[in-house]
Amino acid sequence: MKSVKRPVDTSFWEDDKIIDQFTPEDRYFMLYLLTNPHTSQVGIYHLPYKFAAFELGYSLEATKSLIDRFENKYHVIAYSKDHQEIAILNALKHNIIKGGKPVEDCIRSELRQVKDTDLIEKVYIHLADFWDNSHRKVDHSIQFIFSDLLQRRKEPKEELLNENEKENDNDNENENERIVDDSSSIITTTINQTKIEAILPFKLNKYKQDQLAPYAKQLTEDEFNHAVSQTALANEPSFAYLLGTVKGMCNDKRIQQQSKNGLDIPIYKLGE
């Protein structure tokens, strides 16, 4: 079997998080995540709990606890329980030493094998600022590959949703009127990229704008600005925080409408 080499920079041992927060067990586990035989160039790969437990020599419970800690305390990975796939959020910062068509083809091939699209999206959001500020052509190429794949996976879902909406419209012709609390609810909020980037510590690229747009349109300008202000005041302001806040506000409005009108209105979930 041909061996695969994964680069681990010596600065790993000088990283502030490694020094200040990681226990010896944490350091061992992080090195395992970066170098185990299931790893991929893109940093998203299939890793069932039982595989990791066996290879580490840990119990299943201890392995699950480590994965939970690295995802929810250290925020360096994301894990899909449904597909038992893991994403090392910063892997592409260190795995890509030089660019070229073979590297880009490898990234495309590995991303196509990832079953959980949410993991790809989380890596994209996590690395968006890094890519935007990078001076390397390869980083911008990889960003495009991610964006293109996410868009392609998104389109079939949108087509299915549109078909379902058409069917619902035909079945409920008398209930086709838009539900609003007052005239201000129908205001279409435009996303002011310059204003948001002046307040929040990240760039609002086209992909992020496309994610925000469907929800921003359901809010008044004051409501959307309030979501931006809440994000700015958060301990770790991020695009994911802004998106979650905007979705939450849309949910609140829909729940109020549901209560008022007795209609079955779907609730948004983060990642949809």
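Here helix H6 (residues 101–113) spans 19 Å end to end across 13 residues, near enough to the 18 Å set by a 1.5 Å rise per residue. Taken as a whole, H6 has its buried residues at Val-103, Glu-104, Ile-107, Glu-110 and Leu-111. The buried side chains of H6 occupy one side of the element, clustering within an arc of 130° when seen end-on. Residues Lys-101, Pro-102, Arg-112 and Gln-113 are exposed on H6 and point more than 90 degrees away from its buried face.

So, on to the sheet that holds strand S2 (residues 77–80). Read across the open sheet, the 3 strands follow the order S1-S3-S2; overall the sheet is antiparallel. The two strands at the open ends of the sheet, each matched to only one other strand, are strand S1 (44–46) and S2. The mean inter-strand angle of the sheet, taken between neighbouring strand axes irrespective of direction, is 20°. Relative to strand S3 (residues 85–88), S2 runs antiparallel, the two being bridged by 4 bridges. Note on S3: the bridge partner recorded for Ser-80 is Glu-85.

Within the structure shown, the criterion is met by 12 aromatic pairs. Put simply, the rings of Phe-22, Phe-29, Tyr-32, Phe-70 and Tyr-74 touch in pairs and so form one group of aromatic residues.

Turning our eyes to something else, we now look at the layout of surface pockets. As a volume, the second largest pocket reaches approximately 900 Å³. Taken together, 26 residues form the lining of the second largest pocket, with Lys-122, Ile-125, His-126, Ser-238 and Ala-240 sitting closest to its centre. When residues of the lining of the second largest pocket are traced back to their parent elements, those giving at least two are helix H4 (60–72), S2, helix H7 (117–133), helix H10 (206–216) and helix H12 (239–261). Across the lining of the second largest pocket, the residue classes break down as 13 nonpolar, 6 polar and 7 charged.

Below, the discussion takes up the confidence of the model for the chain. Confidence in the prediction of the chain, expressed as mean pLDDT, is 82, and 81% of residues score 70 or more. Taken element by element, the predicted model of the chain shows its lowest mean pLDDT in helix H8 (residues 137–171) (74) and its highest in S3 (98). Contacts from residues 173–188, a stretch scored under 50 in pLDDT, to residues over four places away or in other chains number 20 contacts. Confidence drops under a pLDDT of 50 for residues 268–272, and excluding neighbours within four residues, the segment shows 16 contacts in the predicted structure.

Reading the values: the criteria
Residues numbered from 1 in each chain as written. Predicted model: local features only at pLDDT ≥ 70, side-chain atom pairs only at ≥ 80, totals over all residues. Heavy atoms only, no water. Helix = DSSP H or I, 4+ residues; strand = E, 2+ residues; numbered from the N terminus. Expected span 1.5 Å × (residues − 1). Buried < 20%, exposed > 50% of the residue type's maximum accessible area, 1.4 Å probe, protein only. Arc of directions from axis to C-beta. Pairing = 2+ DSSP bridges. Axes fitted to C-alpha atoms, helices over the stretch in contact; angles between N-to-C directions. Phe/Tyr/Trp six-rings, centres within 6.5 Å; stacked < 30°, edge-to-face > 60°. 1 Å grid on protein atoms, 1.4 Å probe; cavity = no way out; pocket = protein on both sides within 12 Å on 5 of 7 lines; lining within 4 Å. Points joined across faces, edges and corners; volume = space filled by probe spheres on them. Nonpolar A, V, L, I, M, F, W, Y, C, P; charged D, E, K, R; others polar. pLDDT = per-residue confidence, 0-100. Contact = heavy atoms within 4.5 Å.

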